[in-house]
Amino acid sequence: MTLRVLAAMSGGVDSAVAAARAAEAGHDVTGVHLALAKNPQSYRTGARGCCTVEDSRDARRAADVIGIPFYIWDMAEEFDREVVQDFVAEYAAGRTPNPCLRCNEKIKFEAVLDRAIALGFDAVCTGHHVRMLDGRLRRSVDYAKDQSYVLAVLNREQLAHSMFPLGDCTKAEVRAEADRRGLSVADKPDSHDICFIADGDTAGFLNRTLGSEPGPIVDESGAVLGTHEGAHAFTVGQRKGLNLGGAVNRRYVLSIEPVNNTVTVGPRASLAVDGIIAQRPVWSGCAAPTEPTPFTVQLRAHGEVHDCHAHERDGELVITLVEPATGVAAGQAAVLYDGDVVMGSATIATTSRTGEAASAG
């Protein structure tokens, strides 16, 4: 069946090959590049960006080679409101957001998909490395490039109007195919880090945005060990940048309290948690379980996978890990899997050491 497909083209190799595959499959494809920066020159360039002027030019050249119509949509205001300002607000609240996940949720698969459907398109095609099977999201065959974690926030209706042509191949195969197709982005480096922080200095960006607000760094007993210039510059599990000279043992950020502007640090062992409460659950792969059910869970992008039992209670996701995990930060996503299939996702709100890990089964 021929579909009207809107191909989101970032200017990178993945989205270009995805658009080419959709067109080659016989679909009626239109390419669109999302202009996300109010001032594109302030965003990263080359290997370190995905939202710049040069990226829009690369996307247009790829569309020309493929032979599809191409447009640029100005989404700068939506991106600033939904992604950049949310990023700042989350750090100010002591949480650690994932802006790429937020961009997928609010921009690529909400604002763009809604507009695409309104314009008569059947689906949005992207170059994400994931697979779809029977309407459910699965990990890519290239586990190192798998992006199911940052797409797990999508609901069933959104997935039903999504197309991911690259999930059955590796990144090396994508580059080789781009070269065969004559796409100039075949060797373009991948984008990394956060596109709207031009110099890669997240702490500096937050300090410039939120301002300096000195406060104490304390240990678990409350003893003051040092000071910081803003609690927003830290994340749970962080070890570097504490500036606690003379410390005999390594210390890690255990918690961030924005109300009293206090950062608590301690040994790595104190990071271990086995209980997680997560908010705003989305169940794309199964019905919400009401009793503890075995899954595996991924707690940060490119993080390891943990065995767990999870269920929904009073609108929240309750997770008990079989073995404790460290560095689990509020604001990150907890994504549940059954094998390589995404079952559900929610945003981590609180963690605890319940002592139930050993008996979770």
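Note that the coordinates shown come from a computational prediction; the quantities given were computed from them, not determined experimentally.

Examining helix 7 (residues 171-180)
And step 1. Buried within helix 7 we find Lys171, Val174, Glu177 and Ala178. Taken end-on, helix 7 shows its buried residues confined to a sector of 120°, consistent with a single buried face. Summarising the geometry of helix 7, the exposed residues directed more than 90 degrees from the buried face are Ala172, Asp179 and Arg180.
And step 2. Positive backbone phi, at 80°, marks Gly182, one or two positions downstream of helix 7.

Remarks on the domain arrangement of the chain
The accessible area lost on association of the parts is a frequent measure of interface size.
And step 1. Assigned domains within the chain: domain 1 (4-187), domain 2 (212-269) and domain 3 (272-352).
And step 2. Distance between the C-alpha centres of domain 1 and domain 3: 26 Å.
And step 3. Each side of the interface is counted separately: domain 1 has 22 residues, and domain 3 has 24 residues.
And step 4. For the pair domain 1 and domain 3, the summed buried surface comes to about 1,800 Å²; carbon and sulfur atoms form 51% of the total.
And step 5. Three residues, Arg136, Arg139 and Tyr149, lead the burial of domain 1 against domain 3; their summed loss comes to 37% of the area buried on that side.
And step 6. Linking domain 1 to domain 3 there are two salt bridges.

Thoughts on the UniProt feature "binding site: ATP" (unreviewed entry) in the chain
And step 1. Within the UniProt annotation, "binding site: ATP" (unreviewed entry) is assigned to Ala8, Met9, Ser10, Gly11, Gly12, Val13, Asp14, Ser15, Leu34 and Gly127.
And step 2. Relative to the helices and strands, Gly11 is located in the loop between strand 1 (4-8) and helix 1 (13-24).
And step 3. Looking at Gly11, the relative accessible area reads 4%, which means it is buried.
And step 4. When residues no more than four places from it in sequence are discounted, the contact partners of Gly11 are His33, Asp55, Asp58, Ala59, Val185 and Lys188.
And step 5. Here Gly12 is to be found in the loop between strand 1 and helix 1.
And step 6. Judged by relative accessible area, which is 19%, Gly12 ranks as buried.

Examining unusual backbone geometry
And step 1. A positive phi angle is found at His302, which is not glycine, with a value near 65°.
And step 2. The topology assignment puts His302 in the loop between strand 13 (293-298) and strand 14 (305-313).
And step 3. Classification of His302 as exposed rests on a relative accessible area of 68%.
And step 4. For Asp314, which is not glycine, the phi dihedral falls at a positive 55°.
And step 5. You can see Asp314 is positioned in the loop between strand 14 and strand 15 (316-325).

Rules used throughout
- Residues numbered from 1 in each chain as written.
- Predicted model: local features only at pLDDT ≥ 70, side-chain atom pairs only at ≥ 80, totals over all residues.
- Heavy atoms only, no water.
- Buried < 20%, exposed > 50% of the residue type's maximum accessible area, 1.4 Å probe, protein only.
- Helix = DSSP H or I, 4+ residues; strand = E, 2+ residues; numbered from the N terminus.
- Arc of directions from axis to C-beta.
- Domains from an automatic or database assignment.
- Contact = heavy atoms within 4.5 Å.
- Buried area = accessible area lost by both parts, 1.4 Å probe.
- Salt bridge = Lys/Arg side-chain N within 4 Å of Asp/Glu carboxyl O.
- UniProt positions renumbered as here; feature names shortened; annotations may be inferred.

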